[in-house]
Amino acid sequence: MQFEDIIRVNELTKKFGAFYAVNRISFNIRRGEILGFLGPNGAGKTTTIKMITGLLRITSGNVFVKGLNVKKQIKQIKAFTGYMSQKFSLYPLLTSLENIEFFGGISGLPRKEIKKFQQQITDMIPVKILKQKIMDIPPGIKQQVALFTCLMPDPDIIFLDEPTSGVDPKNRRDFWMQIYKLKKAGKTILVTTHNLDEAEYADRIIIIHNGKIIRQGEPSTLLKNENMDSMEDLFKKAVTDHETN
Amino acid sequence: MRIFYLLKKELIEIFRQKEMLVIMFIAPILQTIILGYVVTTDVNNIPVEVINLSKNKAAYRIANRINRSDLFDVKKITNQPGDHLKTLKQGKAKSIIILRDRYDKKRKPLAYPEIQILMDGIDSNTSVIAAGYFNGIARQFILEDMRKKGFELPVESQTLIRFNPNLKSINYMGPGIVALLLTIISMFLTSITLVREKEQQTMDTLLISRLTPVEIYLGKSLPMALLGLIEMGIGILVVILVFGIPLRGSLLYLFLASVIFLFAILSYALLISTLCSSQQQALFFSWFSMVTFLLLAGLFTPVENIPKGLHWIADINPLQYLIKIIREIFLKGNGIEYFYKDLLILGAITVTVLTLSLLNFKRLVSK
Ligand SMILES: Nc1ncnc2c1ncn2[C@@H]1O[C@H](COP(=O)(O)OP(=O)(O)OP(=O)(O)O)[C@@H](O)[C@H]1O
Ligand SMILES: [Mg+2]
């Protein structure tokens, strides 16, 4: 099977009180693809990721990861997923190397492996910076370290929640190059962003707005089908379509 | 061994925060000393005015005894009547002793004067104690005087006070203050650092890792318990060295009780942090619970004085048991056979609260 669906999301819904943060969305993620999850602030991106990773209780609907039910088999699923949360989720008082040791340690890596990873990151970032507290280093490097830590147990599926927010354009490009490398290594990647110009980097995109999916498909096909020049225009049209309906 | 990394991280975080270190290690020493001196129910140096309107010798001698006593700070001795209410209102004295002549039916002055004690009752505790002192002095004087004249009282009770013979309140308060410190530190720090993880979203990473909620709890509580015990050690040293309170029982039992207590209080901290989503909330909640625990712990007032309706809070209050045990070990030198029941209750509290908060923990992180 060429397009094996590694994640299947079916009628997924999240209610906070009477408010639908995510409203009956269904989509699949194929093995080895980069899926871009686009939407403005408050669209429901984080909520969706958190439900898929088992961090938030699902109100209704189902999620299957490699055929495993998130509601029941989250323990097994954890073994092959990586997650980078919206705020990078590193310990500000620890250095990069210490953060790496910590995250490696709690994911059960043996000491030797951790040492190897620590060695590996010194090829990308100068040791001097790696020995500074996270709170003292620039966001671009924080982002690199955060990505690195989430890759440590070598997951097959990677969830990145707004990995490029607060990062300058050059670092953003570098970051996407790394994502491509991961794809080449066979990983499946879900990236959220509210930056529409990042859509082109993804194999497929899903545009989410007010908890509903309003478009999905390959970026170039979507643009062509609707006769649009830019993602921005496409997005505006999608929103107006959605609101007039 | 995953837990080892949690412990290491926690300790690094604590030791990299200078303010935290000050709070953890300097504050307890200062607090023990300050509280030790201030939180005392001993009453001395009560400001007093003595108004002696009597001409008889006994009255003069009683006034003299009051003047000489350390318990009172005699501001004024006079034989002029004055405006007593005004004196009390101005706060110049907390009590006024008035000695007057007493007469028999034939208008002949009696041997002993009439003694009237006027008290400022705002600080009720002090007033009652001070009144007791006055009566004691007067009674003592009269007894001695009568003996000299060859009279004997038919019955006299004798009191023998054990464990704290001088009734020094620091002996009673000191060990309690140590328990109090242990509560403040462990409760505040644990709930705050747990909630901070939520704010930083590192909690998400912990939860998505293969760590179990129990491991996360232990990873937080063990370092805090360790620090708590160090604090406790400092507190005990201060109490023994600065205040000279005797430690009559075994240090080992003290340690055992503290460990069990720490896990009880840390479970409460976990419960609080599952209920809060910001550090401010956590701070408020722990402050509130701490004050409640503190007031209903038998530290300042005996547990028996707590109104019936609030007894259940005292019953689930770990601090109450620790304070009781600590006092027994310090002053009575009691062994475990005297307080094993309290330890069991502490254990039961820990298990219950911990179960509750772990259930809540799972539910709350995956709302
Ligand atoms: N715990 C919660 N309780 C109540 N409402 C919530 C909660 N978490 C999220 N929401 C609401 O759900 C909606 C979707 O939030 P979500 O965080 O998923 O958006 P997002 O697409 O990730 O946006 P952002 O770009 O700001 O990260 C928002 O309106 C948000 O206010
Ligand atoms: Mg988000």
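So, here is what we can say about the structure in this document. (Residues numbered from 1 in each chain as written. Chains lettered and ligands numbered in written order. Predicted model: local features only at pLDDT ≥ 70, side-chain atom pairs only at ≥ 80, totals over all residues. Heavy atoms only, no water.)

## With respect to the overall build of chain A
As a reminder of what qualifies: Strands are runs of DSSP state E lasting at least 2 residues, helices are runs of H or I lasting at least 4, and numbering of each runs from the N terminus. Radius of gyration means the value over C-alpha atoms here, while the globule rule gives 2.2 Å times the residue count to the 0.38 power. Whether two residues touch is decided by their heavy atoms; if any such pair falls within 4.5 Å, the residues are in contact. The Shrake-Rupley method, run with a 1.4 Å probe, gives the accessible areas here. Residue values count only the displayed protein chains as cover. Under the counting rule used here, the positive set is Lys and Arg, the negative set is Asp and Glu, and His together with the chain ends is not counted. To locate a charge, take NZ of a lysine, CZ of an arginine, CG of an aspartate or CD of a glutamate.
Across its full length, chain A holds nine helices and 10 strands. The C-alpha atoms of chain A give a radius of gyration of 18 Å, which matches the 18 Å a tight globule of 245 residues would have. Based on the C-alpha atoms only, the size of chain A along its principal axes is roughly 55 × 40 × 40 Å. In chain A, once contacts between residues fewer than 6 apart in sequence are set aside, the share between residues at least 24 apart is 66%. Surface exposure of chain A reaches about 11300 Å², of which carbon and sulfur atoms provide 50%. Charged side chains of chain A number 36 positive and 26 negative; the gap between the two group centres comes to 8 Å.

## Overview of the pattern of salt bridges
Filter applied, for reference: The term salt bridge refers to a side-chain nitrogen of Lys or Arg lying within 4 Å of a carboxyl oxygen of Asp or Glu. Exposed residues in this analysis have more than 50% of their type's maximum accessible area, buried residues have under 20%, and partly exposed residues fall in between, with area computed by a 1.4 Å probe over protein chains only.
Applying the stated rule across the entire model yields 30 salt bridges over all chains. One salt bridge connects Lys8(B) with Glu101(A), and the closest N-O pair in it is separated by 2.9 Å. Here Lys8(B) is found in helix H1 (residues 2-15), whereas its partner Glu101(A) is found in helix H3 (residues 96-106) on a different chain. Under the relative-accessibility criterion, Lys8(B) is labelled partly exposed at 31%. The residue Arg2(B) makes a salt bridge to Glu215(B) at a minimum N-O spacing of 3.3 Å. Of this pair, Arg2(B) sits in helix H1 while Glu215(B) sits in helix H8 (residues 213-241); the two residues are 213 residues apart in sequence, bridging distant segments of the chain. Residue Glu215(B) is classed as buried on the basis of its relative accessible area of 16%. Bridged by salt links that share partners, the residues Lys9(B), Glu10(B), Glu13(B), Arg196(B), Glu197(B) and Lys220(B) form one connected network.

## Considerations on the sheet that holds strand S1 (residues 5-16) of chain A
All names here are of chain A. We apply this condition: Here a strand pair is declared whenever DSSP counts at least two bridges between the two strands. Comment: axis = line fitted to C-alpha atoms, over the contacting stretch for helices; angle = value between 0 and 180 degrees taken between N-to-C directions.
As summarised here, the arrangement of the four strands in space is S2-S1-S4-S5, forming an open sheet in which the pairing is antiparallel. Each edge of the sheet is formed by a strand with only one pairing partner; in this case those strands are strand S2 (19-30) and strand S5 (68-69). Note: strand S4 (residues 60-65) against S5, two bridges, orientation antiparallel. In the sheet register, Phe64 faces S5, and the bridge partner there is Asn69. Sheet contacts for helix H1 (residues 45-52): S1, S2 and S4; angle to S1, the most-contacted strand, approximately 120°.

## Focus: the site of ligand 1
All names here are of chain A. This is how it is decided: The rule for a residue being near a molecule or strand is that one of its heavy atoms must lie within 4 Å of it. Nitrogen and oxygen atoms within 3.5 Å of one another constitute a polar contact, given that in protein one can donate a hydrogen and the other can accept it, and given that sequence-neighbouring residues count only through two side-chain atoms. In this classification, the charged set is Asp, Glu, Lys and Arg, the nonpolar set is Ala, Val, Leu, Ile, Met, Phe, Trp, Tyr, Cys and Pro, and all remaining amino acids, among them Gly, are polar.
Near ligand 1 lie 14 residues; those nearest to it are Gly42, Lys45, Thr46, Thr47 and Gln86. In the environment of ligand 1, an oxygen atom lies 2.9 Å from a nitrogen or oxygen atom belonging to the side chain of Asn41. A distance of 3.2 Å is found between an oxygen atom of ligand 1 and a backbone nitrogen or oxygen belonging to Ala43. The fraction of the free accessible surface of ligand 1 (630 Å²) that becomes covered by protein chains is 65%. For the shell around ligand 1, the elements supplying multiple residues, two or more each, are S2 and H1. Examining the composition of the shell around ligand 1, we find that three residues originate from one element, H1, more than from any other. Of the residues assigned to the shell around ligand 1, the class counts are five nonpolar, seven polar and two charged.

## A few points about the packing of H3(A) against H1(B)
To describe two helices that pack against each other, one gives the angle between their axes and the distance between the axes. Put simply, the test is: By the definition adopted for this analysis, an angle is roughly parallel if under 35 degrees, roughly antiparallel if over 145, roughly perpendicular if from 65 to 115, and oblique otherwise. Less than a right angle of anticlockwise turn of the near helix away from the far helix marks a crossing as left-handed, whereas a clockwise turn marks it as right-handed.
Where H3(A) contacts H1(B), the two axes come as close as 8 Å, and the packing angle between them is 150°. On the basis of the axis angle, H3(A) is roughly antiparallel to H1(B). The two elements H3(A) and H1(B) meet at a crossing, and its hand is left-handed. Along its contact with H3(A), which presents Glu98(A), Glu101(A), Phe102(A), Gly105(A) and Ile106(A), the element H1(B) presents Arg2(B), Tyr5(B), Leu6(B), Lys8(B), Lys9(B) and Ile12(B).

## Some points on the pairing of strand S6 (residues 81-84) of chain A
All names here are of chain A. Taking every second residue as pointing to the same face, both faces of S6 are buried, with Thr81 and Tyr83 on one and Gly82 and Met84 on the other. Across four bridges, S6 lies against strand S7 (residues 157-161) in parallel orientation. The partner of Thr81 across the bridge, within S7, is Ile157.

## Let's talk about the side chain of Thr126(B)
Positionally, Thr126(B) belongs in helix H5 (residues 124-148). Of the polar contacts made by the side chain of Thr126(B), one reaches the side chain of Asp123(B); its length is 2.6 Å.

## Notes on a nonpolar patch on the surface
All names here are of chain B. Stated formally: Patch rule: a residue counts if its relative accessible area is over 30% and it has no salt bridge; like charges are joined within 9 Å, and nonpolar side chains (Val, Leu, Ile, Met, Phe, Trp, Tyr) within 5 Å.
Together, Val22, Ile26, Leu30, Ile34, Tyr37, Val38, Leu237, Leu241 and Val242 make up an exposed nonpolar region whose accessible area comes to about 910 Å². Elements with a contribution of two residues or more to the nonpolar patch: helix H2 (18-38) and H8. Tallying contributions element by element places H2 first for the nonpolar patch, with six residues. You can see Leu30 is positioned in helix H2.

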